[in-house]
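Analysis of the macromolecular model
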Amino acid sequence: MLNKNKDAAVSFLEMASTGKVDEAYSKFVGDGFKHHNPYFEGSAEALRAAMKENAIQNPRKAIDVKRVIAEGEFVMVHFLVKHKLDELGAAVMQIFRFENGKIVEMWDLGQEIPEETPNQHGMF
């Protein structure tokens, strides 16, 4: 089940990032879904609307998954997101909680990638 949940989390992010938000929600989101993004009301519909708007504003958005970790009912996806091809982007971590193979809760944390950094290891 862990690998299935990992695949579902990545597929959800890939579909949502390419504008297939409604399809991603119908395929992967379970009843009672809630999220913890502080910029939107915590319902599935509020986040879905924000994701759809973001896809319209950023039609060339791309993600590059770096790692996926699963433990119990949780899956964490660490990835690079670029809203525009010529930007450095942001390092993002999404944490998903699954019930019966569906996403029922989600947290997201992100950090812009700076042009210059003293850290020789980078963001990934």
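Before reading on, note that the structure itself is shown above.
Calculation notes
Residues numbered from 1 in each chain as written. Predicted model: local features only at pLDDT ≥ 70, side-chain atom pairs only at ≥ 80, totals over all residues. Heavy atoms only, no water. Buried < 20%, exposed > 50% of the residue type's maximum accessible area, 1.4 Å probe, protein only. Helix = DSSP H or I, 4+ residues; strand = E, 2+ residues; numbered from the N terminus. Arc of directions from axis to C-beta. Contact = heavy atoms within 4.5 Å. Axes fitted to C-alpha atoms, helices over the stretch in contact; angles between N-to-C directions. Parallel < 35°, antiparallel > 145°, perpendicular 65-115°, else oblique. Left-handed = near helix turned anticlockwise from the far one by under 90°. Nonpolar A, V, L, I, M, F, W, Y, C, P; charged D, E, K, R; others polar. Polar contact = N/O pair within 3.5 Å; in protein donor to acceptor, adjacent residues only side chain to side chain.

Focus: helix α2 (residues 21–28)
Among all positions in α2, only Val21, Ala24, Tyr25 and Phe28 are buried. Down the axis of α2, the smallest arc covering the buried residues is 95 degrees, so these residues share one side. Residues of α2 that are exposed and angled more than 90 degrees away from the buried face: Ser26 and Lys27. Close packing links the buried residues of α2 with α1 (2–17), β1 (29–35), α3 (44–57) and β5 (102–112).

Some points on the packing of α1 against α2
One can describe the packing of α1 onto α2 by two numbers: an axis separation of 8 Å at closest approach and a directional angle of 160 degrees. Taken together, α1 and α2 sit at an angle that is classed as roughly antiparallel. In the crossing of α1 with α2, the sense of the turn from one axis to the other is left-handed. Across the interface between the two elements, Ala8, Ser11, Phe12, Met15 and Ala16 of α1 pack against Val21, Glu23, Ala24, Tyr25 and Phe28 of α2. Split by residue class, the contact of α1 with α2 holds 8 nonpolar, 1 polar and 1 charged.

Let's talk about the side chain of histidine 35
Along the polypeptide, histidine 35 turns up in strand β1. Side-chain polar atoms of histidine 35 contact the backbone nitrogen of asparagine 37, separated by 3.2 Å. Those residues within four positions of histidine 35 in sequence are excluded, and the remaining contacts are Phe40, Glu41, Gly42, Ser43, Leu47 and Met106.

Keep in mind these values describe shape, not function.
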